[in-house]
Amino acid sequence: MLEWSDVDIAVRDAVREFVDKEIRPHVDALESGEMEPYPIIRKLFATFGITDMARDSLNKRLAKLRDGTSSSGSASGGGGMFGDGSGGMGFVVVSELCRVSMGIVTGMGVSLGLTVPTIMGRGTLAQQERWLPDLVTYDKIGAWAITEPDSGSDAFGGMKSYVVRDGEDYLLNGQKTFITNGPDADVVVVYAKLDEPGVDKRDRKVLTFVLDRGMEGFVQSKPFRKMGIHSSRTGELFFSNVRLGRDRLLGETEDSSGGDGRDSARSNFSAERIGVAAMSLGVIEECLRLCVDYAKSRTLWGQEIGQFQLIQLKLANMEVARMNVRNILFRVIESAEQGKPIPLPEASAIKWYCSQAATEVAMDAVQLFGGNGYMTEYRVEQLARDAKSLMIYAGSNEVQITHVARGLLSG
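For clarity, every value in this text was computed on a predicted model and none was experimentally measured.

A. Inspection of the overall build of the chain at higher detail. Each helix and strand counted, the chain has 12 helices and 9 strands in total. Its C-alpha atoms give the chain a radius of gyration of 22 Å, within 12% of the compact-globule value 22 Å for 411 residues. Across its three principal directions, the C-alpha atoms of the chain cover 80 × 50 × 40 Å. Looking at the chain residue by residue over its 411 residues, the buried ones come to 53%. Sequence separation of at least 24 residues holds for 76% of the intrachain contacts in the chain that already meet a minimum separation of 6.

B. Region of interest: the packing of aromatic side chains. Summed over all chains, the structure comprises 13 aromatic pairs. Taken together, a centroid distance of 5.3 Å and an interplanar angle of 75° make the contact between W144 and Y191 edge-to-face. Placement of W144 in strand β1 (residues 142-145) and of Y191 in strand β4 (residues 187-194) is noted, with a sequence separation of 47 residues between them. In this structure, W144 and Y191 share a single accessibility class: buried. When the ring of Y170 is compared with that of F209, the centres are 5.3 Å apart and the planes differ by 65°; the resulting orientation is edge-to-face. Here Y170, found in strand β3 (residues 169-180), pairs with F209, found in strand β5 (residues 206-212); they are 39 residues apart in sequence, far enough to count as distant. Of the residues examined, Y170 reaches a relative accessible area of 1% and is grouped as buried.

C. Structural view of the side chain of E196. Assignment of secondary structure puts E196 in the loop between β4 and β5. Put simply, E196 is tucked away with no salt bridge, and the nearest opposite charge, on K205, sits 4.9 Å away. Of note is the side chain of E196, whose polar atom sits 2.9 Å from the backbone nitrogen of K205.

D. Seen up close, the packing of helix α5 (residues 88-98) against helix α6 (residues 102-122). Look at α5 against α6: their axes get within 7 Å of each other, and the N-to-C directions meet at 140°. Comparing the axis directions of α5 and α6 gives the class oblique. Along the contact surface, α5 presents V94, L97 and C98, while α6 presents M102, V105 and M108. In terms of residue class, the contact of α5 with α6 is built from 6 nonpolar, no polar and no charged.

E. Inspection of helix α11 (residues 380-389) at higher detail. α11 sits mainly inside the fold: 9 of its 10 residues count as buried. Regarding α11, the residues found buried are V380, E381, Q382, L383, A384, R385, D386, A387 and S389.

F. Quick peek at the pairing of strand β2 (residues 162-166). Note: β2 against β3, 5 bridges, orientation antiparallel. Along β3, the bridge assignment pairs Y162 with N173. In sequence, β2 turns back onto β3 through a hairpin of 2 residues, with G167 there showing a positive phi of about 70°. Relative to β4, β2 runs parallel, the two being bridged by 2 bridges.

G. View of the pattern of salt bridges. Scanning the entire structure with this criterion turns up 29 salt bridges. A salt bridge links E96 to R16; the nearest nitrogen and oxygen atoms lie 2.8 Å apart. With E96 in helix α5 and R16 in helix α1 (residues 6-22), the pair connects residues that are 80 residues apart, well separated along the chain. Close ionic contact of D195 with R204 constitutes a salt bridge, the shortest N to O distance being 3.1 Å. Residue R204 is classed as buried on the basis of its relative accessible area of 13%. Sharing partners across several salt bridges, the network here consists of R16, D20, R24, E96, R99, E285, E286, R289 and D293.

H. Highlighting the nonpolar core. Residues I23, I119, W144 and I146 are the most contacted members of the largest nonpolar core, which totals 98 residues. Among the elements that take part in this core, helix α8 (residues 261-297) stands out by supplying 16 residues, more than any other. Counting 21 residues, the second largest nonpolar core, distinct from the first, contains A145, A192, F218 and L237.

I. Focus on the UniProt feature "domain: Acyl-CoA dehydrogenase/oxidase N-terminal" (unreviewed entry) in the chain. Taking the numbering used here, the UniProt-annotated feature "domain: Acyl-CoA dehydrogenase/oxidase N-terminal" (unreviewed entry) corresponds to residues 90-137. In this annotation, residues 90-137 is assigned 88% helix and 0% strand; the end-to-end C-alpha distance for the span is 15 Å.

Rules behind the numbers
- Residues numbered from 1 in each chain as written.
- Predicted model: local features only at pLDDT ≥ 70, side-chain atom pairs only at ≥ 80, totals over all residues.
- Heavy atoms only, no water.
- Helix = DSSP H or I, 4+ residues; strand = E, 2+ residues; numbered from the N terminus.
- Rg over C-alpha atoms; globule rule 2.2 N^0.38 Å.
- Buried < 20%, exposed > 50% of the residue type's maximum accessible area, 1.4 Å probe, protein only.
- Contact = heavy atoms within 4.5 Å.
- Phe/Tyr/Trp six-rings, centres within 6.5 Å; stacked < 30°, edge-to-face > 60°.
- Lys, Arg positive; Asp, Glu negative; His and termini not counted.
- Salt bridge = Lys/Arg side-chain N within 4 Å of Asp/Glu carboxyl O.
- Polar contact = N/O pair within 3.5 Å; in protein donor to acceptor, adjacent residues only side chain to side chain.
- Axes fitted to C-alpha atoms, helices over the stretch in contact; angles between N-to-C directions.
- Parallel < 35°, antiparallel > 145°, perpendicular 65-115°, else oblique.
- Nonpolar A, V, L, I, M, F, W, Y, C, P; charged D, E, K, R; others polar.
- Pairing = 2+ DSSP bridges.
- Core = buried A, V, L, I, M, F, W, Y, C linked by side-chain atoms within 4.5 Å.
- UniProt positions renumbered as here; feature names shortened; annotations may be inferred.

Here it is in structure tokens:
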């Protein structure tokens, strides 16, 4: 694939029209927290039939599970960002939304791209029937909780949240931080270590549980104040002797023959990092559009600034970044169509390069706008703040470099 298909372009134009009508006029309210992002996403889903597609896809999946014609360990047929095999169209939607409000995509992506696939891939039929119907339609908001104050990129080794067996139940204690949708989530997938006396804490089994909002001992913080992606609400989660029945343990077994919580988390890491390519493309395209318009309208010394060679260099670098990131995204789409998953080292390389490209383009856009670029009414300021998050989001870029290098050295 070297170009978007006709269908992709039609979807892009339709989404762009929706964005211009329903999101752009409300960016300031979304950025300030005056307006929540969730109703806009639900309206998007309703407008483009995503709700119905996700519901139908899930119903078909559950029917196959009931008939025994599909494995509960597979997240196919209803997983991913939009709960269907939308391929390029899904990336088009993500890219278009990120041109205006990356935070909307971040919240949507965690709920539909992490919470849903984890329950779908590891949950029993009963668990999928219990939680997925409201999650795939975005009627309920999901969160995916793995990061802790002292763990960061060492997600598993530094994990301190733990569960202890208490009869047939478990008691959960600990804390999670930087949790997207954390303040508002209705359903939360939580990773915690099993208290296993005699086993080194770094090596203890990681179990995955599903919690519902309002459970006794489960506290969700107010939203954090952040540098960027303000329309995505981020917070902390606190667990104090939260009683969890075995029906909340995904798979309802501690048996790790199919892999413990580490494996389900790692499978999501690749998808999350690949998604950064589409997010980066949206930022780059919007910065380039704004900068070209500004370079043709802003005059200094009696001529348009676009006539100055250093301005032309910035624009040319932005165009090269756009082409590179777009072609990387095409590689991802083609791989998915061929049924060849992107390996983790390559996903890390994609995330590292695309996030860095988007951040550099956005910062150059601020510079090109000069003093105006530092003002909030000129959107390059917001794009620069949002783009920077991509270098930290889904694992810091320093960690991505390590994964890329290890992949090379292990060959």
